[in-house]
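For reference, the chains in residue letters:
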Amino acid sequence: ATVISRVFFPMSIGNIRIGRIDQWFNDVEQSINHCLNGDRSAETLLKDAQRFASDSTEIYTLAVHLSFEKSALSGQTRSIQELQHQMILIAPALVTLSDRIYRLRQSSDQFDSLISQVQQHTQQFMREAAPTQQVDINTIPSAILQQFEQMLLLGNVSQKLLVMSAREAFIFFLQHFLTLRLIWIYVREGKKLPAFINQKTVASQTLHRDHGVALRGGLSAFLALGIVCFLWHMSGWQYGFMAAQITAVAACILTFLDNPVPALASFRLASIYAALVVFIYQFAVFPLVHNFFELMLVLAPFFILFTSMLPYPALMGFVLPLLLNTAMGLNIRNLNEPIFGAYVDNSLAIIIGILIPSFTLALLRSTTPEQSVQRLVRMQWRDVQQIIEKPVLHPWAYYMRRLLDRIGLMAPRVLRAPAVQHDISQAVSELAGATNIIRLKRVIDQLDAPLQQHIQQLLTDLWQWYEARLKQQKTTGQVGLDLSAQALHSQPASTQQPNSSIPAERQSEA
């Protein structure tokens, strides 16, 4: 299989990655263009942020496989992971910038023409930019900065704050986009990344890890395998080894799903159909086969037809076990000896090997997409509380990476549970809040004592607000939006995060 796939039908992960990353750059350019042009709603930008988070997580995972093949990206695993590390910084910058631009346009029409000029200059600059050294990354076109200076002259105090925040988010976005473009240029040319790009950050950071889910998945697999092996040992069942083998595979291979039971039910149904196919081949077809060429002819229609269905996600969950169980059930040898008893034993072993882990996974591992999202949201809140509690010892991206990784894990669950869209959108929005908390923590020691006290009180109020949300989260998986008015309004307006229970004008103040 390895020789045929590499020699006759080669498909390189590296070449696929090149296409995906090029498309990612196009998506980012379109997103910033629409953001500055005012053509996209905040909801659409939130969806873009979710997609960027999902794409960056996928790129990081697949980059590991580049070491095992020869392609245009061979030897560039670390560089691709550094590219992914920089990718995650784009999403919060886009969310923040889109919010500021939206509020500026809503506050006055006088900013529209200046923002449009920023959009035009940015579009041209991003299209032509080809950075090769550090100075190119830190150079922002003066024509763009002049537009922000003119906006500062036009605005009142509140608008000036919005302009300054928008300018900071814009510069942050553009510098990291240029960093990404430089890394990608070096990767495509097969060069080692320059020294000023710190690759140590890749190894020092961890993505989201849910030890509770891993433990429950491991316990369910252990329990299923223990039950099957106990039955095999006590009964002396000749084909018990097959049941144990299938159990080990079925109990582990689908544990990453929120609820593996429906997928195992599809596996079980496919195994029944596979048993019927094996019966037809062994007792009706193989007795008529007398040489290798005839064997190829009778097997080709089935395996070519169903293998061609494997690339389709909707069919793979059924077709894959159908093919595997058929191949194992046929047990092709030089001499065909159809024994009905052995056939029944083997087929039952495969079905039982899938049936038992279905029960253990349903007992210990299964959950709903809503519950999974709420679990991820709770971990987000606890991470923000940790940022508030502990000293900021790492770069800003160190904290953002895990928060964005969780959003990437939440995003696919919207397809199975549309009700969680609000929770995911809120988690994306709160990335900007986490960013500002880190900034406050870094400058608090440089401020006067009275201001330090005010900021410390604000951070304390934020910590208590997150704690109230954790306590108010209901067992049904819905975020506790029924926080008491006293709990919310006892805080300064600046400490209140956007929430559907807060009026729009209060959200603007926050």
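Residues numbered from 1 in each chain as written. Predicted model: local features only at pLDDT ≥ 70, side-chain atom pairs only at ≥ 80, totals over all residues. Heavy atoms only, no water.

### Re the pattern of salt bridges
Then, number 1: Inspection of every chain in the model, using the stated rule, returns twelve salt bridges.
Then, number 2: With a closest N to O distance of 2.4 Å, aspartate 99 and arginine 100 form a salt bridge.
Then, number 3: Residue aspartate 99 is classed as partly exposed on the basis of its relative accessible area, which comes to 24%.
Then, number 4: Here arginine 103 and aspartate 99 are joined by a salt bridge, their closest N and O atoms 3.1 Å apart. In this pair, arginine 103 and aspartate 99 both sit in helix 5 (residues 90–107), four residues apart, roughly one turn of the helix. (Salt bridge = Lys/Arg side-chain N within 4 Å of Asp/Glu carboxyl O. Buried < 20%, exposed > 50% of the residue type's maximum accessible area, 1.4 Å probe, protein only. Helix = DSSP H or I, 4+ residues; strand = E, 2+ residues; numbered from the N terminus.)

### Notes on unusual backbone geometry
Then, number 1: Despite not being glycine, asparagine 331 shows a phi value in the positive range, around 50 degrees.
Then, number 2: One can find asparagine 331 in the loop between helix 15 (313–330) and helix 16 (340–364).
Then, number 3: A relative accessible area of 45% places asparagine 331 in the partly exposed class.

### Examining helix 9 (residues 157–188)
Count 3.6 residues to each turn of an α-helix, and residues three or four apart come out pointing the same way.
Then, number 1: Compared with the 46 Å implied by 1.5 Å per residue over 32 residues, the 46 Å span of helix 9 between its first and last C-alpha is a close match.
Then, number 2: Where helix 9 begins, the capping side chain belongs to asparagine 156, and its oxygen is found 3.2 Å from the backbone nitrogen of serine 158.
Then, number 3: Positive phi appears at glycine 190, one or two residues downstream of helix 9, with a value of about 70 degrees. (Expected span 1.5 Å × (residues − 1). Polar contact = N/O pair within 3.5 Å; in protein donor to acceptor, adjacent residues only side chain to side chain.)

### Some points on the environment of isoleucine 246
Then, number 1: Take isoleucine 246: it is sitting in helix 12 (residues 240–253).
Then, number 2: On the basis of relative accessible area, isoleucine 246 is assigned to the buried category, the value being 8%.
Then, number 3: Separated by 106 residues in sequence, isoleucine 246 and isoleucine 352 place their C-alpha atoms 8.5 Å apart.
Then, number 4: Excluding its chain neighbours within four sequence positions, the residues that come into contact with isoleucine 246 are Asn325, Met328, Ile350, Gly353 and Ile354. (Contact = heavy atoms within 4.5 Å.)

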